[in-house]
Amino acid sequence: MNRKITYTAAMLILLLWVGGNANLPASTIVNETNEMNEINDIVAQDSIITAKELYDEFKKDEAAATQKYGNKTITIKGFAVFVGPDVYALPSVELSEKKGGKSRILCVLPFSDYLKLRKVSKGDEPIITGEVRGFYEKGDQVLLKQCEIKE
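Residue numbers here run from 1 along each chain, matching the order of that chain's written sequence. It should be noted that, the model being predicted, local features are given only for residues of pLDDT at least 70 and side-chain atom pairs only at 80 or more, the latter also being counted only at that level, while totals for whole chains, interfaces and linings use all residues. In computing side-chain values, all of the structure's heavy atoms are included and hydrogens and water are not.

Colleague: Give a detailed account of the overall build of the protein, specifying residues and quantitative values.
Modeller: Counting from the N terminus, the helices are DSSP H or I runs at least four residues long and the strands are E runs at least two residues long. When helices and strands are tallied, the protein shows four helices and seven strands. To sort residues, take the accessible area from a 1.4 Å probe on protein chains only and compare it with the maximum for the residue type: under 20% means buried, over 50% means exposed, and anything in between is partly exposed. Considering the protein as a whole, with its 151 residues, one finds that 32% of them fall into the buried category. Each accessible area is a Shrake-Rupley result for a 1.4 Å probe, and residues are judged covered by the shown protein chains and nothing else. Total accessible area on the protein stands at roughly 10200 Å², and carbon and sulfur atoms take up 56% of it.

What follows is the structure, encoded as structure tokens:
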């Protein structure tokens, strides 16, 4: 029974994929995808900020850091010290500058991305893109919303 379901699902996916790409030669799809991945990799490597750098900027001069990063989408890297729901039950990853360090960056994912939390475990060093919303002094954290786990 499971084999029939798996086979049927695979065929359905294949038919949908072929139908959606029927007008494009396969080489075009592969080439465009490879070129875009290369461009994205180059851009991502040049613009990744560490959790320590972002936190230090906000701690040193919150107004200047808010001016520089406020409501802008950035890519950040740090060590995961917490993975799970935040205080509002939203999927989140808290980052630090070192393994087992104090949480400095709170990355909140959209509610629909709970399953994507499986990509990250405590101690990993993920790369996350998100919109900087500001510095929360009581929690001593920089808040990023609408985050997406890249690696």
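Colleague: How would you explain the side chain of T129 if you had to name every residue and give the values?
Modeller: Within the secondary structure, T129 sits in strand β6 (residues 127-136). Any pair of nitrogen or oxygen atoms within 3.5 Å is treated as a polar contact; in protein, a donor-acceptor pairing is required on top of that, and neighbouring residues in sequence qualify only through side-chain atoms on both sides. At 3.2 Å, the side chain of T129 forms a polar contact with the side chain of T75. In this description, contact between two residues means that some pair of their heavy atoms is separated by no more than 4.5 Å. Discounting residues that sit within four places of it in the chain, T129 has contacts with T73, I74, T75, Q146, C147, E148 and K150.

Colleague: Any chance you could break down the nonpolar core for me, citing the residues and the numbers?
Modeller: Within the largest apolar cluster, 24 residues are counted, with the highest numbers of intra-cluster contacts made by L54, I76, V93, I105 and L144. Among the secondary structure elements, those contributing two or more residues to this core are α3 (51-60), α4 (62-69), β2 (73-77), β4 (91-96), β5 (105-108), β6 and β7 (141-149). Non-local contacts of V93, meaning those with residues more than four positions away in its chain, are made with A80, F82, V83, I105, L106, C107, L109, L117, V120, I128 and I149. Side-chain atoms within 4.5 Å link the members of a nonpolar core, which is a set of buried Ala, Val, Leu, Ile, Met, Phe, Trp, Tyr and Cys residues.

Colleague: Requested: an account of the pairing of β7, with residues and values cited.
Modeller: The pairing of β5 with β7 spans three bridges and is classified as parallel. The residue bridging C107 from the neighbouring strand is L144, located in β7. From the end of β6 to the start of β7, which pair antiparallel, there are four residues, and D140 there has a positive phi angle of about 55°. When DSSP finds two or more bridges between a pair of strands, those strands are recorded as paired.

Colleague: Tell me what's going on with the packing of α3 against α4, and back it up with residues and numbers.
Modeller: Lines fitted to C-alpha atoms define the axes here, with helix axes fitted over just the stretch in contact, and angles between the N-to-C directions of these axes take values from 0 to 180 degrees. Contact geometry for α3 and α4: axes closest at 5 Å, N-to-C directions at 130°. Compared by their axis directions, α3 and α4 come out oblique. For the pair α3 and α4, the contacting residues are L54, E57, F58 and K60 in the first and E62, A65, T66, K68 and Y69 in the second. Angle categories are assigned with fixed cut-offs, so that under 35 degrees is roughly parallel, over 145 is roughly antiparallel, 65 to 115 is roughly perpendicular, and the rest are oblique.

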